[in-house]
Amino acid sequence: MVETSARLLRLLALLQTPRDWTGTELAERLGVSGRTIRADVERLRSLGYPVPATRGSAGGYRLGAGASLPPLLLDDDEAVAVAVGLRTAAGGVIAGNAEASLRALAKLEQVMPSRLRHRVNTLQTYTVLVPSDQPGPTVDPEVLTTLAATCRAHKRLRFDYTTHAGDAVRREIEPYRLVTWGRRWYLLAFDLERADWRTFRVDRLTPRVPTGPRFTPRELPDDDVVGYVSSRVSAAAWRYRARVTVHAPAEVVADRISAAVGTVEAIDADTCVLHTGADTVETLAVYLGMLNADFHVTEPPELVAHLRTLAARYAAATS
């Protein structure tokens, strides 16, 4: 019985690889007869593993998807990756995900050999997470699932939305991508009413079902979706905005800032305009000082005044 169980596990491990196996190949790998392979496949099926078989010279066995989730076999690296991912998810922002992640992690660590538990614990011990002063709001996992499904199926979506000002509105959009940035989830979509791309906070929207008709996908506004969304999100939260002329090539300036800092627009080969902003003029001054290039600022007046104060202070410090 022990030998049969061990053979079933080896057979399951082979079937989990993304390919079709003929009965002859499996019999050779496991050192048994084709009749034994057929019997073992039936045992796996009785345990809930869907193992469809196709006939013909190119046919064979493959592990498929079923109605319920059977136990999975993981190699060492896969088990460590899943454990680390579960520990990270336990502190995430998806509602109800923390408890489910901890339950799954407890089950996984219970059967882990000591060498793998040591790897996971070592990584956890010597990894320091930077705490957030303002934890992000939680997101309903069913909402994420609905949005991901509409993105994949290219279906229009209607939803109720709460704006930054607290107003309740309704939107109809073409959904394209879900982006997690910081501790928040965002939906990149084409707003049909405004005929333009928009970014929506997932925690502020409530999808309306059923979803709308299918649509023909548009070209994305930027190949770097994460950079595009992060720049839009940052700009929406800026208290102070600045248009800065920088005496350096646009590609050089763009390489020195992140998408969250702003966008760069070329004027000529040696000059560009940086569109940037921040919650404070002190933060803006730090960004500009790190450009390592000459620049000229005319607005906002608060930033101009602060830069003049800094200039006098630095001049006095070196006189």
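Details of the structure are given in the entry above.
Not measured: the values here are computed from a predicted model. (Residues numbered from 1 in each chain as written. Predicted model: local features only at pLDDT ≥ 70, side-chain atom pairs only at ≥ 80, totals over all residues. Heavy atoms only, no water.)

**Some thoughts on helix α11 (residues 301-318)**
Three- or four-residue spacings in an α-helix give side chains the same orientation, since the helix completes a turn every 3.6 residues. Over its 18 residues, α11 runs 26 Å from end to end, which matches the ideal 26 Å to within 8%, given 1.5 Å per residue. Here the buried face of α11 lies against β8 (240-246), α10 (281-289) and β11 (295-297). (Helix = DSSP H or I, 4+ residues; strand = E, 2+ residues; numbered from the N terminus. Expected span 1.5 Å × (residues − 1). Contact = heavy atoms within 4.5 Å.)

**Some remarks on the sheet that holds β8**
Read from one edge of the open sheet, 4 strands run β9-β10-β8-β11, paired in antiparallel fashion. In the strand order of this sheet, the two ends are held by β9 (262-268) and β11, each with one partner. On average, adjacent strands in this sheet sit at an angle of 25° to one another, irrespective of strand direction. Inspection of the sheet shows β8 paired to β11 by 3 bridges, in the antiparallel sense. Within β11, the position partnered with Val 246 by the bridge is Phe 295. Of the strands in this sheet, β8, β10 (271-278) and β11 are in contact with α10, which crosses β10 at around 150°. (Pairing = 2+ DSSP bridges. Axes fitted to C-alpha atoms, helices over the stretch in contact; angles between N-to-C directions.)

**Re the environment of Arg 119**
Inspection of the secondary structure puts Arg 119 in helix α6 (residues 114-125). Note: C-alpha distance between Arg 119 and Asp 77 (42 residues apart in sequence) is 10.0 Å. Beyond its immediate stretch of four places on either side in the chain, Arg 119 contacts Asp 76, Asp 77 and Val 80.

**Comments concerning the sheet that holds strand β6 (residues 196-201)**
Read from one edge of the open sheet, 5 strands run β6-β5-β4-β3-β7, paired in antiparallel fashion. Sheet topology places β6 and β7 (205-208) at the edges, where each strand pairs with a single neighbour. On average, each strand axis in the sheet is tilted by 50° relative to the strand beside it, whichever way the strands run. In this sheet, β6 lies alongside strand β5 (residues 184-191) in antiparallel orientation, the contact comprising 6 bridges. Within β6, the position partnered with Phe 190 by the bridge is Trp 197. Along the sheet face, helix α7 (residues 141-153) touches β3 (157-162), β4 (168-181), β5 and β7 and points at about 85° away from the line of β4.

**A few points about the packing of aromatic side chains**
Scanning all chains against the criterion turns up 6 aromatic pairs. Arranged with centres 6.0 Å apart and planes meeting at 75°, the rings of Phe 159 and Tyr 161 form a pair that is edge-to-face. Of the two residues, Phe 159 and Tyr 161, neither departs from the other in class, the shared state being buried. Taking the centre distance of 5.5 Å and the plane angle of 85° together, the rings of Phe 190 and Trp 197 count as edge-to-face. Each member of the pair, Phe 190 together with Trp 197, is buried. Clustering of aromatic rings is evident, with ring pairs tying together Tyr 176, Phe 190, Trp 197 and Phe 215. (Phe/Tyr/Trp six-rings, centres within 6.5 Å; stacked < 30°, edge-to-face > 60°. Buried < 20%, exposed > 50% of the residue type's maximum accessible area, 1.4 Å probe, protein only.)

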